[in-house]
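# Breakdown of the fold
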Amino acid sequence: MFEEGKQARDFIRSIDLLIKKKKEMNEHAFYLMDDEFQDLNYKNLYPVMMDCGKLDLADDKSFKDNTISMFENMVFEHDEVNEIFHQLQVSIDNLVNKLEVAKTHYTIEFQSETFDVKKMLKLLKYDIHRNGSALNHLELRECFFDIMKQMNVDKKEIILFIIYPENHMGVKEIEKFMKWLKKLNVTIIILTNDYRVIKNTKYNYVNLVKHNKDIYNIIDLSNELRLFLDIGESVIETLSLQLSYFDFTETELMISDKYSKFINSSKL
């Protein structure tokens, strides 16, 4: 979570540069490192950006391209489908050979050329559904990731960037979405402004980035809570997130006096 909108926009732009393998990536908003703080080799990564701000995720260009590529692979990899395509190509060749406008002083006819599978598929319209019904936002996100994952033919390490997952979802849907993410077994980086998303994340994985790029110190806050409050660990984690988020966003929080005095005693 970023304090300023420009930081968020720069972050999204950097993800786009990473996906497009642009050199400017090295000069921008973030670096990717492993657990030993060594820079990751971007060539070994398969970055995916799920922009949940879009009303229809199926309109995402990368999703469309990968879906068409998946169908294209089916044409080449499945003998039966390949034979049907070959028959179609012969039929179209026969058709265009019959199409001709011939006059005494000119002739108009189609040129013979190899039929491109991908171009043909782009002329067709596919439908995404479940038993004939349109997918809801959660199902569409699952479909989006599944297609993108299938096209990771080199089996590179997947990094899934999720942009504002709170969009177009109710409270229960967000909880289901966050539970689904935890089952993916891939590296996930989420950009969000919503506490409903943050509260479903381990507190030590949350970064609240100030305008000067400093990180709000949730870990120190949790350690102080352990020292001064005799409460369980799960409560410590929940309270650390809650206090940090509402302090960072300067949002009024209805809490008991002892918690209010605690957080106001030392701004982190």
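Up top is the structure.
Residues numbered from 1 in each chain as written. Predicted model: local features only at pLDDT ≥ 70, side-chain atom pairs only at ≥ 80, totals over all residues. Heavy atoms only, no water.

The next subject is empty space enclosed by the protein. For the structure on display, the rule yields one cavity of 30 Å³ or more. Each pocket or cavity is described by its volume, and for the largest cavity that value is around 50 Å³. Lining the largest cavity we find D51, C52, K54, L57, H137, L140 and R141. Of all the elements, helix α5 (residues 137-150) adds the most residues to the lining of the largest cavity, at three residues. Residue composition of the lining of the largest cavity, by class: three nonpolar, one polar and three charged. (1 Å grid on protein atoms, 1.4 Å probe; cavity = no way out; pocket = protein on both sides within 12 Å on 5 of 7 lines; lining within 4 Å. Points joined across faces, edges and corners; volume = space filled by probe spheres on them. Helix = DSSP H or I, 4+ residues; strand = E, 2+ residues; numbered from the N terminus. Nonpolar A, V, L, I, M, F, W, Y, C, P; charged D, E, K, R; others polar.)

Turning next to the nonpolar core. One finds M50, L160, F177 and L181 to be the most contacted residues of the largest nonpolar core, which totals 26 residues. For this core, the secondary structure elements donating two or more residues are β1 (45-51), α2 (61-77), α5, β6 (157-163) and α6 (171-181). In terms of residue count, the dominant contributor to this core is α5 (six residues). In this structure M50 touches L57, R141, F144, F145, L160, F161, I162, I163, F177 and W180, once residues within four positions along its chain are discounted. Grouped together as the second largest cluster of nonpolar side chains are 14 residues, F11, L32, L45 and V209 included. (Core = buried A, V, L, I, M, F, W, Y, C linked by side-chain atoms within 4.5 Å. Buried < 20%, exposed > 50% of the residue type's maximum accessible area, 1.4 Å probe, protein only. Contact = heavy atoms within 4.5 Å.)

Using the criterion set out here, one finds ten aromatic pairs in the structure. Centre to centre, the rings of F63 and F144 are 5.6 Å apart; their planes meet at 20 degrees, and the pair counts as stacked. Within this pair, whereas F63 is found in helix α2, its partner F144 is found in helix α5, the two being separated by 81 residues in sequence. Across this residue pair, the class does not change: F63 and F144 are buried. The interplanar angle of 35 degrees and the centroid separation of 5.8 Å between the aromatic rings of F177 and W180 together place this pair among those described as tilted. Pair noted here: F177 and W180 are both in helix α6, with a separation of three residues, about one helical turn. For the pair formed by F177 and W180, the shared burial category is buried. (Phe/Tyr/Trp six-rings, centres within 6.5 Å; stacked < 30°, edge-to-face > 60°.)

The next thing to look at is the side chain of T67. Following the sequence through the fold, T67 ends up in helix α2. You can call T67 buried: its relative accessible area is 4%. Ignoring any residue separated from it by four or fewer positions in sequence, one finds T67 in contact with Y126 and I147.

Moving on, we get to the layout of surface pockets. Of the pockets and cavities examined, the largest pocket occupies roughly 1,900 Å³. Taken together, 45 residues form the lining of the largest pocket, with I188, I189, I190, Y205 and N207 sitting closest to its centre. Elements supplying a minimum of two residues to the lining of the largest pocket: α1 (5-19), β6, α6, β7 (187-191), α7 (195-198) and α8 (218-228). Looking at which element gives the most residues to the lining of the largest pocket, the answer is β7, with five residues. When the residues that make up the lining of the largest pocket are grouped by side-chain class, the tally is 28 nonpolar, ten polar and seven charged.

Moving on: the sheet that holds β7. Sheet strands associate in pairs through backbone hydrogen bonding, adopting either a parallel or an antiparallel arrangement. Overall, parallel pairing links the three strands, which are arranged β1-β6-β7 in an open sheet. Two strands in the sheet have a free side with no partner beyond their single neighbour: β1 and β7. Pairs of neighbouring strands in the sheet enclose a mean axial angle of 15 degrees, with direction left out of account. Lying on the sheet, α5 is in contact with β1 and β6; it crosses β1 at an angle near 160 degrees. (Pairing = 2+ DSSP bridges. Axes fitted to C-alpha atoms, helices over the stretch in contact; angles between N-to-C directions.)

The next thing to look at is the pairing of β6. The buried count for β6 comes to six of seven residues, which makes it a mostly enclosed element. Summarising the sheet, β1 and β6 pair through seven bridges and their orientation is parallel. When the bridges of β6 are listed, M50 appears paired with I162.

Glancing now at α6. Burial in α6 covers these residues: I174, F177, M178, W180 and L181. Each buried residue of α6 lies within a common arc of 155 degrees when the element is viewed along its axis, so the set occupies one face. Among the exposed residues of α6, those pointing more than 90 degrees away from its buried face are K172, K176 and K179. Residues of α6 that are buried in the fold lie against β1, α5, β6, β7 and α7. (Arc of directions from axis to C-beta.)

Glancing now at a negative patch on the surface. A contiguous patch of negative charge on the surface is contributed by D34, D35, E36 and D39. Topologically, E36 is positioned in the loop between α1 and β1. (Patch = residues over 30% accessible without salt bridge, like charges linked within 9 Å, V, L, I, M, F, W, Y side chains within 5 Å. Areas by Shrake-Rupley, 256 points an atom, 1.4 Å probe, with all protein chains shown as cover. Salt bridge = Lys/Arg side-chain N within 4 Å of Asp/Glu carboxyl O. Lys, Arg positive; Asp, Glu negative; His and termini not counted. Charge placed at Lys NZ, Arg CZ, Asp CG, Glu CD.)

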